[in-house]
Amino acid sequence: MVTILWDSSKEGMASVREKAYRMNMEKERYISPLIRVQISRLPVLPTLQRIRSVMSSPSVSRPLKPHHLVEVPFFLLLTGAVCLLPLRGVRALGGLLGMVGYALLQSRRKVALENLRLSLPGRSGKELEEIARESFRTVAVAFLELLWFPRLTTSRIRREAVVENADEARTSGGERGAVVIVSHMAGWEFILQAVQQVFPGRTSVVYKPLSNPITDRWIFEWRSKLGLRWIPMDTAVADTMAEAKGGGIVILAADQSVAKESIWVPFFGRDVPTAKGPAALSLKAGVPIYVCRLRRVSDGTYRGDLARVPSEDLFRYSEQNLIELSRRFTAMTEEYILRDPGQWMWT
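Residues numbered from 1 in each chain as written. Predicted model: local features only at pLDDT ≥ 70, side-chain atom pairs only at ≥ 80, totals over all residues. Heavy atoms only, no water.

**Observations concerning the layout of surface pockets**
- Estimates place the volume of the largest pocket at around 1,600 Å³.
- When residues of the lining of the largest pocket are traced back to their parent elements, those giving at least two are helix H6 (125-147), helix H9 (188-198), strand E3 (203-207), helix H10 (213-224), helix H11 (236-245), strand E5 (249-253) and helix H12 (277-285).
- Examining the composition of the lining of the largest pocket, we find that five residues originate from one element, H12, more than from any other.
- A breakdown of the residues in the lining of the largest pocket according to their chemical character gives 28 nonpolar, six polar and nine charged. (1 Å grid on protein atoms, 1.4 Å probe; cavity = no way out; pocket = protein on both sides within 12 Å on 5 of 7 lines; lining within 4 Å. Points joined across faces, edges and corners; volume = space filled by probe spheres on them. Helix = DSSP H or I, 4+ residues; strand = E, 2+ residues; numbered from the N terminus. Nonpolar A, V, L, I, M, F, W, Y, C, P; charged D, E, K, R; others polar.)

**Quick notes on the confidence of the model for the protein**
- Mean pLDDT over the protein: 83, with 80% of residues reaching 70 or higher.
- This stretch, residues 23-47, has a pLDDT under 50; its non-local contacts, to residues over four places away or in other chains, come to 17 contacts. (pLDDT = per-residue confidence, 0-100. Contact = heavy atoms within 4.5 Å.)

**Observations regarding the sheet that holds strand E8 (residues 289-292)**
- Read across the open sheet, the six strands follow the order E4-E3-E5-E2-E8-E11; overall the sheet is mixed. What marks the edges here is a single partner per strand, and that holds for strand E4 (229-232) and strand E11 (306-308). Pairs of neighbouring strands in the sheet enclose a mean axial angle of 30 degrees, with direction left out of account.
- Taken together, the five bridges between strand E2 (residues 178-182) and E5 define a ladder with parallel strand orientation. If you follow Ala 178 over to E5, its bridge partner there is Ile 249.
- Across the sheet, H9 lies against E2, E3, E4, E5, E8 and E11, angled at about 150 degrees from E3, the strand it touches most.
- This element, helix H13 (residues 319-338), spans E2, E8 and E11 of the sheet and lies at about 15 degrees to E8. (Pairing = 2+ DSSP bridges. Axes fitted to C-alpha atoms, helices over the stretch in contact; angles between N-to-C directions.)

**Describing unusual backbone geometry**
- For Ala 186, which is not a glycine, the phi torsion comes out positive at approximately 55 degrees.
- On the secondary structure map, Ala 186 appears in the loop between E2 and H9.
- Take Ala 186: its relative accessible area is 0%, and that puts it in the buried class.
- Phi is positive for Phe 268, which is not a glycine, with a value near 55 degrees.
- With respect to the secondary-structure elements, Phe 268 resides in the loop between strand E6 (262-267) and strand E7 (270-275). (Buried < 20%, exposed > 50% of the residue type's maximum accessible area, 1.4 Å probe, protein only.)

**Topic: the nonpolar core**
- Counting residues in each nonpolar core, the largest one holds 62 residues, and the members touching the most others are Val 180, Phe 190, Ile 251, Cys 292, Leu 294, Leu 306 and Trp 346.
- It is H6 that provides the largest number of residues to this core, a total of eight residues.
- Setting aside its immediate chain neighbours within four residues, Val 180 contacts Val 195, Ile 249, Val 250, Ile 251, Leu 252, Tyr 290, Cys 292 and Leu 306.
- The next biggest cluster of nonpolar side chains, apart from the first, holds 23 residues, and it includes Val 265, Ala 285, Val 291 and Leu 322. (Core = buried A, V, L, I, M, F, W, Y, C linked by side-chain atoms within 4.5 Å.)

**Here we look at H13**
- Taking 1.5 Å of rise per residue, 20 residues should cover 28 Å, and H13 covers 29 Å from first to last C-alpha, within 8% of that figure.
- The complete set of buried residues in H13 reads Asn 321, Leu 322, Leu 325, Ser 326, Arg 328, Phe 329, Thr 330, Met 332, Thr 333, Glu 334, Tyr 336 and Ile 337. (Expected span 1.5 Å × (residues − 1).)

This is the structure we're talking about:
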């Protein structure tokens with residue numbers, strides 16, 4: 001039998017408290033660093049001061065609506081949860097969410113399958129359904145990858161998204177500007193950053209701001225932190241021309257239909273409205289066009305090249321040359337998508 005003697009004197013109680021304090025300190029030596037590492041991965045918390053600073057920024061001109069404030073904490077909680085995961089886990093979660101989205105979002109699934117039937121008439125219904133599922137997974141992964149951007153570093157992007165002919169592209173481009181066509185293919189947010197790594201300090205991309213000015217500003221900061229410059233669509237015409245003529249690399253997305261300032265060129269067997277911007281910028285500024293052809297490979301990273309669009313015979317701006325150059329880069333984009341159609345956004 002073991003008898004425990006409890007010393008109730010002041011000296012004894014002080015000794016007990018001292019031992020407890022030392023035990024807690026010992027635990028903290030191991031637990032505290034882990035907590036600090038996890039918290040350091042979280043984005044900035046949505047404080048009132050932070051929201052005010054965002055709204056006072058000159059780049060924010062859109063009004064703040066009540067539902068924007070409701071969206072902010074949910075957005076930050078989701079971002080914080082994603083940032084706690086390793087990138088491999090983020091992509092696995094994205095694949096799972098994509099499957100859930102395919103099952104639940106019936107209207108988007110219908111759009112994707114209809115687009116696939118029109119664009120790939122030789123494929124069976126089962127093949128089209130599998131391509132559509134993969135497309136939903138691709139979109140979900142790309143979205144979660146963007147939320148992981150607070151943790152993104154230059155060294156990480158160089159490992160995760162590689163332009164295999166980077167040296168050749170830099171040499172052929174020299175000090176001249178260029179237009180780079182990207183598609184909503186694979187992890188397009190990572191791919192944009194990869195192009196910036198090929199031409200550091202001289203790359204910009206045109207984007208459409210989000211409706212919520214608070215979340216838009218945070219995403220803008222995450223996307224810009226590695227040196228990529230983002231040009232809002234409102235000022236795109238003047239800014240992109242200045243960039244291209246000044247030796248800058250301008251990234252443009254040209255794989256989505258546009259209502260204004262468009263021309264009609266063949267795409268997957270149908271004439272579709274295509275933005276004039278890429279071809280017009282190339283011809284007016286006198287710079288070449290490249291099609292970015294990175295895709296997801298078996299290890300989950302992105303690999304590919306920058307393919308130059310033949311344009312040596314189109315040496316001046318005209319409506320005919322505009323249509324012909326648009327036709328050429330659209331055909332190259334179609335070929336790129338066909339190599340792995342499940343990695344394109346069919347929705």
